[in-house]
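# Fold and geometry: a report
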Amino acid sequence: MMKQNNQQYDAIILGAGGAGMMCAAIAGQRGKKILLIDHADRPGKKILISGGGRCNFTNIDTAADRYISNNRHFMKSALSRYSPQDFIDLVDSYNIAWHEKTLGQLFCDDSAKQIVSMLLNECEKGAVELSLGHSIDDVSHSDGQYSVQYGNRTAVAPSLVIATGGPSIPKMGATGFAYELGRKFGLKIIEPKPALVPFTLGGDQALFRSLSGVAADVVARCGKTLFREAALFTHKGLSGPSILQISSYWKHGQPIYINFLPNLDKDWLLESKQHNPSERLSALLRSKLPTRLADTLLERIKMDGDIGNIKDKSLLAVSEKLAKWEFNPNGTEGYAKAEVTLGGIDTKDLSSQTMMASHLQGLYAIGEAVDVTGWLGGYNFQWAWASGWAAGHAL
């Protein structure tokens, strides 16, 4: 049955992702009349594809220094008031089995669908009205009320929450709508760019694309920031956890450095020379790295032979090269492959306590729409839960 025009709510939340659903559930359970709108045909689409379909729903090592923002203290308040343990307690209350994978990352044993179902159930407990599959035609503000036109309906409320995320993964329906809306209402936007995204390689480094599918445990470094995890060669360039992590810190034109043998010190080749001088350099490298990778690196180094016949100075140069191999990405794979978006609504315009705009009563921004970007591994979901919780309690 068609709803009447100008239906009144306490708050309208735009975006039924993790942050939007959390915010709606909290506010609804506090007795607020909430409308949650999403242009997608189902809620939590990014949740469903995350973690290989098992949703890396939080990270037990969550701390403010695992996030990137122009205002590096902004996220502390929300993260301290809604912790990973708080979300784990919610997950446990639904008997959703989970496990820790590596580096504090928690995943569902079964399916990401369980997290979406849990959040929807929490919304139902708060009698949240959910509208899916309707694009938002217009959003306006006058006389202390926000008006949202969607489909053939108009909803009105004294509070509006922007929870529509960033433009990463456009095939999931992601857009820059949050920024358009933010600008409309006078919020500054920190220039968005793809983050947690694979690099592309060109020029003389394009030959590394022939290693597509080869992975190795490495340390990736950009400037003073480094991450130790797997790197993966692709048919376009470089990916894998360590690369995705470092991409958030990379600026176009900067080199990145890879230590292919992070377990070995700089004298390891000299020690090998003492113990087994007749071993060929190629055989030694193949024993430490995937064969195709070892061969490609040696091809670039242009050196082989029995290590006993190679000068110490040359062996040291090889180990130094392998510990600091320079790559010069010519770009990234863009929003299509970016897990999240760096930048967004400037946190200097928002209250860290409530997520409300400082200059406009009743306007809130949460989750990925905001200039807060976490590391890979559940940190961005924890920000979604924490910022949604903060706004949900403030509405």
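Counting restarts for each chain: residues are numbered from 1 in the order of the written sequence. This being a predicted model, a pLDDT of at least 70 is required before a residue's local features are given, and a value of 80 or more before pairs of side-chain atoms are given or counted; all residues contribute to the totals for chains, interfaces and linings. Remark: hydrogens and water are excluded; side-chain values derive from all non-hydrogen atoms of the structure.

As a further point, take the overall build of the chain. Think of it this way: any DSSP run of H or I at least four residues long counts as a helix, any run of E at least two long counts as a strand, and we number them from the N terminus. In terms of helices and strands, the chain carries twelve helices and 23 strands. C-alpha extents for the chain along the principal axes are approximately 85 × 40 × 35 Å. Accessible surface area values rest on a Shrake-Rupley calculation with a 1.4 Å probe, where residue burial reflects the displayed protein chains alone. Working note: accessible area of the chain is about 17100 Å², and carbon and sulfur atoms make up 49% of it. For this count, His and the chain ends are skipped, Lys and Arg are scored as positive, and Asp and Glu as negative. Taken as the charge location is NZ of Lys, CZ of Arg, CG of Asp or CD of Glu. Placing the 41 positive and 39 negative side-chain charges of the chain at their respective mean positions leaves the two points 4 Å apart.

Our next topic: unusual backbone geometry. Although it is not a glycine, Cys-55 adopts a positive phi angle of roughly 55°. The topology assignment puts Cys-55 in the loop between helix H2 (45-49) and strand E4 (56-59). Judged by relative accessible area, which is 0%, Cys-55 ranks as buried. Its identity is not glycine, yet Asp-143 carries a phi of approximately 55°, on the positive side. Along the polypeptide, Asp-143 turns up in the loop between strand E9 (136-142) and strand E10 (145-150). Classification of Asp-143 by relative accessible area gives exposed; the value is 79%. Burial classes follow relative accessibility: with a 1.4 Å probe on protein chains only, a residue under 20% of its type's maximum area counts as buried, one over 50% as exposed, and anything between as partly exposed.

Time to look at the sheet that holds E4. Overall, antiparallel pairing links the three strands, which are arranged E4-E7-E6 in an open sheet. Looking along the sheet, the strands with just one partner apiece sit at the ends: E4 and strand E6 (98-100). Each strand of the sheet is rotated relative to its neighbour by a mean of 25°, with strand direction disregarded. Between any two strands, pairing holds if DSSP finds at least two bridges. Pairing of E6 with strand E7 (residues 105-108) involves three bridges; the strand directions are antiparallel. Considered in E7, the bridge of Glu-100 is made with Leu-106. For helices, the fitted line uses only the C-alpha atoms of the stretch in contact; every axis is such a line through C-alpha atoms, and the angle between N-to-C directions lies from 0 to 180 degrees.

What follows concerns the environment of Glu-124. Along the polypeptide, Glu-124 turns up in helix H5 (residues 113-125). Assessed through its relative accessible area of 59%, Glu-124 is described here as exposed. In this structure, the C-alpha to C-alpha distance between Glu-124 and Thr-296, residues 172 residues apart in sequence, is 56 Å.

What follows is about the pattern of salt bridges. Take a side-chain nitrogen of Lys or Arg and a carboxyl oxygen of Asp or Glu: if they are within 4 Å of each other, that pair is a salt bridge. Per the stated rule, a full pass over the model turns up 13 salt bridges. Put simply, Glu-122 and Lys-125 hold a salt bridge, and the shortest N to O gap is 3.0 Å. You can see Glu-122 and its partner Lys-125 sitting in helix H5, three residues apart, about one turn around the helix. Among the residues examined, Glu-122 registers a relative accessible area of 10% and is labelled buried.

As a further point, take helix H9 (residues 281-288). Note: α-helices contain 3.6 residues per turn, so residues at a spacing of three or four share the same orientation. Among the residues of H9, those classed as buried are Leu-281, Ser-282, Leu-284 and Leu-285. For H9, the arc enclosing every buried residue in end-on projection is 160°, short of the 170-degree limit, so these residues lie on one face. Those residues of H9 hidden inside the fold are in contact with helix H8 (268-275), helix H10 (291-301) and helix H11 (312-323). As used here, the arc is the angular range of directions from the helix axis to the C-beta atoms. We call two residues contacting when some pair of their heavy atoms lies within 4.5 Å.

What follows covers the sheet that holds strand E20 (residues 331-332). Spatial ordering of the open sheet is given by E19-E18-E15-E16-E17-E14-E20, a layout of seven strands whose pairing is antiparallel. Each of the sheet's edge strands pairs with one partner strand only, and the pair in question is strand E19 (325-327) and E20. The pairing of strand E14 (residues 199-200) with E20 spans two bridges and is antiparallel. Bridge pairing links Thr-200 to Gly-331 in E20. In the packing of H11 onto the sheet, contacts are made with strand E18 (256-259) and E19, and the angle to E18 comes to roughly 120°.

Turning to the packing of helix H1 (residues 18-29) against H5, a few remarks are in order. Between H1 and H5, the shortest axis-to-axis distance is 7 Å and the interhelical angle comes to 25°. Comparing the axis directions of H1 and H5 gives the class roughly parallel. Two packed elements cross with a definite hand, and for H1 against H5 that hand is left-handed. Where H1 approaches H5, its residues Met-21, Ala-24, Ala-25 and Gln-29 are matched on the opposing element by Leu-119, Leu-120, Glu-122, Cys-123 and Lys-125. Residues are grouped as follows: Ala, Val, Leu, Ile, Met, Phe, Trp, Tyr, Cys and Pro are nonpolar; Asp, Glu, Lys and Arg are charged; all remaining types, including Gly, are polar. Class assignment for the residues of the contact of H1 with H5 results in six nonpolar, one polar and two charged. Note that the term roughly parallel is reserved for angles under 35 degrees, roughly antiparallel for angles over 145, roughly perpendicular for angles of 65 to 115, and oblique for everything else. In a left-handed crossing the near helix is turned counterclockwise from the far helix by less than a right angle, and in a right-handed crossing that turn is clockwise.

Let's shift gears to the packing of aromatic side chains. Here a pair means two rings of Phe, Tyr or Trp (six-membered ring of Trp) with centres within 6.5 Å. Their orientation is stacked below 30 degrees between planes, edge-to-face above 60, and tilted elsewhere. Tallying each qualifying case throughout the model produces 17 aromatic pairs. The interplanar angle of 80° and the centroid separation of 4.9 Å between the aromatic rings of Phe-227 and Trp-375 together place this pair among those described as edge-to-face. Highlighted residues: Phe-227 in strand E16 (residues 225-233) and Trp-375 in the loop between strand E23 (373-374) and helix H12 (379-394), separated in sequence by 148 residues. We note that Phe-227, like Trp-375, is buried. Joined through ring pairs, the aromatic side chains of Tyr-67, Phe-227, Tyr-249, Trp-375 and Tyr-379 make up one cluster. Ring-over charges, as used throughout, are those where CZ of Arg or NZ of Lys falls within 6 Å of the ring centre and within 35 degrees of the ring normal. In this structure, Lys-33 packs its charged tip against the face of Tyr-9, placed 5.1 Å from the ring centre.

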